[in-house]
Amino acid sequence: ALAGPGKRGPHGGTLVSRMVKDEAEKKILLGKCDVPAMELSERQLCDVELLGTGAFSPLEGFMTEDVWKVCLDTMRLPGSNLLFGLPVVLDTDRPDLQVGKTVSLNFQGQPMAVMTIESSWRPDKAYECSKSYGHTTLEHPGCRMIATERRHTYIGGKISVLATPKRVYPVETPAELFARLPGDKDVVAFQCRNPIHRAHYELFIRSLDAPNVGKDATVLVHPTCGPTQEDDIDGVVRYKTYEVLKAELNNPRVAWAYLPYSMHMAGPREAIQHMILRKNHGCTHFIVGRDMAGCKSSITGEDFYGAYDAQDIAKANAVELGMQAVPSLNILYTEEKGYVTADEAKKDNLKEMKLSGTKFRKMLRAGEDIPEWFAFKSVVKVLREA
């Protein structure tokens, strides 16, 4: 039986779909456009796709000013009062994109969606950063993105999505994933934005034995493959590492899918966003890592969030979200017993083996042997060839 608040079902009860399948209807919509098409960035394209497929349910389009403001201030949507982690907005610098206008949203010249503009405003970006990320410094990658990538005006309104992009990695819609995942068992989502190494694997495999996870549960490895931080490994390369690992593990209790979501590195509020996205894809549980969606100052290297901030906010809102939080174990590798929890290592006085991400990347570039306790050989091979 599904334990406690983890129940399968979309956020708000209804899975939104803004996809238009009928070719005649697509032509009618494009015929209503009365301003030149707007070209989307990679990040904006991810949001259009997630709005179209219902991954951002209950949203039906880009937020209007009043929804944006309420979401920033309360982490909720006005009217329904449903939790929502971060605003989903569309930015522009075009003066002709006025309220009442209908515009085609294109990517590389192809119409992807049509939007009738219901709201247009100049956001206070410092305020937005302070509410979304808890910080306003450009040392934070999310603040840097809002300040330097986004243009000065936001426009909001419902969208009709005509097409989804051809991507290197396959993207299943929430409805498709809902149908593929077991309907009568718990599904534990594991979010990542980096190649999976041994410690990550130990984390998600052990989550199946967590006290609040039912018998015969499945873990869904659901990496975000959209744009992330400037120094992260390219999404296509990451996808290849996941595919070789999927083949190597060949475990029926581990399902894989890919999410075209663009990371904000917003820490606690992004943990809520991730839970909502996974709930909309049919998951009942969500693994919340230490310092999940966290980031460091680009100047001092100091963490912007506490190690347990994301876990605390996830646990506090789990019942309302109807999605159980599975706090990730603090796992480390020891000389004597391999991977164990930090508590076990301390109790038995075991010797921890360490390899930092920086050192790993250095060894990778230098062609040195990477210890197999740290990384899977198949993953290392893909990273070396990239």
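Before reading on, note that the structure itself is shown above.
Residues numbered from 1 in each chain as written. Predicted model: local features only at pLDDT ≥ 70, side-chain atom pairs only at ≥ 80, totals over all residues. Heavy atoms only, no water.

Novice: What's the story with the overall build of the chain in this structure? I'm lost.
Specialist: Counting its secondary structure elements, the chain contains 13 helices and 15 strands. In terms of overall size, the chain behaves like a compact globule, its C-alpha atoms giving a radius of gyration of 21 Å where 386 residues would be expected to give roughly 21 Å. The 386 residues of the chain split such that 55% are buried. Taking contacts inside the chain between residues at least 6 apart in sequence as the whole, the part at least 24 apart equals 73%. Roughly 16900 Å² of accessible area belongs to the chain as shown, and the carbon and sulfur atoms make up 51% of that amount. Distance between charge centroids for the chain: 2 Å, based on 49 positive and 50 negative side chains. (Helix = DSSP H or I, 4+ residues; strand = E, 2+ residues; numbered from the N terminus. Rg over C-alpha atoms; globule rule 2.2 N^0.38 Å. Buried < 20%, exposed > 50% of the residue type's maximum accessible area, 1.4 Å probe, protein only. Contact = heavy atoms within 4.5 Å. Areas by Shrake-Rupley, 256 points an atom, 1.4 Å probe, with all protein chains shown as cover. Lys, Arg positive; Asp, Glu negative; His and termini not counted. Charge placed at Lys NZ, Arg CZ, Asp CG, Glu CD.)

Novice: It is not clear to me how helix 4 (residues 125-133) should be interpreted in this structure. Could you clarify?
Specialist: Given 3.6 residues to a turn, an α-helix orients residues that are three or four positions apart in the same direction. Among the residues of helix 4, those classed as buried are K125, E128, C129, S132 and Y133. Taken end-on, helix 4 shows its buried residues confined to a sector of 95°, consistent with a single buried face. In this structure, the buried side of helix 4 is in contact with helix 3 (65-74), helix 5 (141-149), strand 7 (153-161) and helix 9 (268-279). Immediately beyond the C-terminal end of helix 4, within one or two residues, lies G134, with a positive phi of roughly 75°. (Arc of directions from axis to C-beta.)

Novice: Would you explain the packing of helix 4 against helix 5 in this entry?
Specialist: A packed helix pair is summarised by two numbers, namely the angle formed by the two axes and the spacing between the axes. Direction vectors running N to C along helix 4 and helix 5 enclose 155°, while the axes themselves pass 10 Å from each other. The angle between helix 4 and helix 5 falls in the class roughly antiparallel. In the packing of helix 4 onto helix 5, the handedness of the crossing is right-handed. Between helix 4 and helix 5, the contacting residues are K125, E128, C129 and Y133 on the first element and G142, C143, M145, I146 and A147 on the second. (Axes fitted to C-alpha atoms, helices over the stretch in contact; angles between N-to-C directions. Parallel < 35°, antiparallel > 145°, perpendicular 65-115°, else oblique. Left-handed = near helix turned anticlockwise from the far one by under 90°.)

Novice: Would you explain the nonpolar core in this entry?
Specialist: Considering soluble globular proteins, one finds that nonpolar side chains tend to be buried as a cluster. Of all hydrophobic cores here, the largest spans 74 residues; its most connected members are F56, F62, M63, F84 and L105. Tallying contributions element by element places helix 9 first for this core, with five residues. Not counting residues up to four positions away in its chain, the partners in contact with F84 are F56, S57, P58, L59, M63, C71, M75, R76, L77, R269, Q273 and I276. (Core = buried A, V, L, I, M, F, W, Y, C linked by side-chain atoms within 4.5 Å.)

Novice: Would you mind showing me how to read the sheet that holds strand 15 (residues 352-353) here?
Specialist: Strand pairing in a sheet relies on backbone hydrogen bonds. The paired strands run either parallel or antiparallel. Pairing is antiparallel across the open sheet formed by three strands, whose spatial order is 14-13-15. Pairing within the sheet leaves two strands with one partner each, and these edge strands are strand 14 (338-341) and strand 15. Where strand 13 (residues 331-334) meets strand 14, four bridges bridge the pair, whose relative direction is antiparallel. Along strand 14, the bridge assignment pairs I331 with T341. Lying over the sheet, helix 7 (residues 198-206) contacts strand 13 and strand 14, oriented at roughly 50° with respect to strand 14. (Pairing = 2+ DSSP bridges.)

Novice: For this particular structure, what's the right way to read the pattern of salt bridges?
Specialist: Opposite charge on two side chains makes pairing possible when the charged atoms of those side chains draw close. Under the definition given, this model contains 21 salt bridges. R94 is the partner of D96 in a salt bridge, and the nearest nitrogen-oxygen pair spans 2.9 Å. Look at D96 and you get partly exposed, because its relative accessible area is 29%. D348 is paired through a salt bridge with K337; the nearest N and O atoms lie 3.1 Å apart. One end of the pair, D348, is in the loop between helix 11 (342-347) and strand 15; the other, K337, is in the loop between strand 13 and strand 14, and eleven residues separate them in sequence. On the accessibility criterion, D348 (30% relative accessible area) is partly exposed. Each of R18, E60 and K158 takes part in one network of salt bridges that share partners. (Salt bridge = Lys/Arg side-chain N within 4 Å of Asp/Glu carboxyl O.)

Novice: I'm lost on the pairing of strand 12 (residues 324-327) in this one. Help?
Specialist: For a regular strand, side chains alternate in direction, first toward one face of the sheet and then toward the other. Relative to strand 12, strand 11 (residues 285-288) runs parallel, the two being bridged by four bridges. Across the sheet, the residue bridging to I287 is V326, located in strand 12. In this region the chain leaves strand 11, passes through helix 10 (residues 309-321) and returns to the parallel neighbour strand 12; the handedness of that crossover is right-handed. (Right-handed = clockwise from strand over helix to strand, strands pointing away.)

Novice: Help me understand the packing of helix 8 (residues 235-249) against helix 13 (residues 377-385) in this model?
Specialist: Between helix 8 and helix 13, whose axes approach to 9 Å, the crossing angle comes to 155°. Here helix 8 is positioned roughly antiparallel relative to helix 13, judged by the angle of their axes. Our pair here, helix 8 against helix 13, has a crossing hand that is right-handed. Only S378, V379, V382 and L383 of helix 13 make contact with helix 8, whose side of the interface consists of V237, K240, T241, V244, L245 and E248.

Novice: Whenever I open this one, the state of the cysteines confuses me. Can you help?
Specialist: Here, the word disulfide means a covalent bond between the sulfur atoms of two cysteines. Counted according to the given criterion, the structure contains zero disulfides. The structure places no disulfide on C283, whose sulfur is separated from the nearest cysteine sulfur, that of C192, by 13 Å. A residue is classified by how much of its surface remains accessible, and C283, at 0% relative accessible area, is buried. (Disulfide = S-S within 2.5 Å.)

Novice: Sorry, what's going on with the environment of Q110 here?
Specialist: Secondary-structure assignment places Q110 in strand 5 (residues 110-116). Judged by relative accessible area, Q110 falls into the partly exposed class, the value being 41%. For the pair Q110 and E336, spaced 226 residues apart in the sequence, the C-alpha separation amounts to 57 Å. Apart from the residues within four sequence positions on either side, Q110 is in contact with L105 and A163.

Novice: Help me understand the packing of aromatic side chains in this model?
Specialist: For any two aromatic rings, the description comes down to two numbers: the centre-to-centre distance and the angle of the planes. Under the criterion given, the structure shown has 16 aromatic pairs. Here Y201 and F204 contribute two aromatic rings whose centre-to-centre distance is 5.5 Å and whose plane-to-plane angle is 85°, an arrangement assigned as edge-to-face. Note that Y201 and F204 are positioned in helix 7 at a spacing of three residues, about one turn of the helix. A connected cluster of aromatic rings, assembled from ring pairs, spans Y333, Y339, F360, W373 and F374. (Phe/Tyr/Trp six-rings, centres within 6.5 Å; stacked < 30°, edge-to-face > 60°.)

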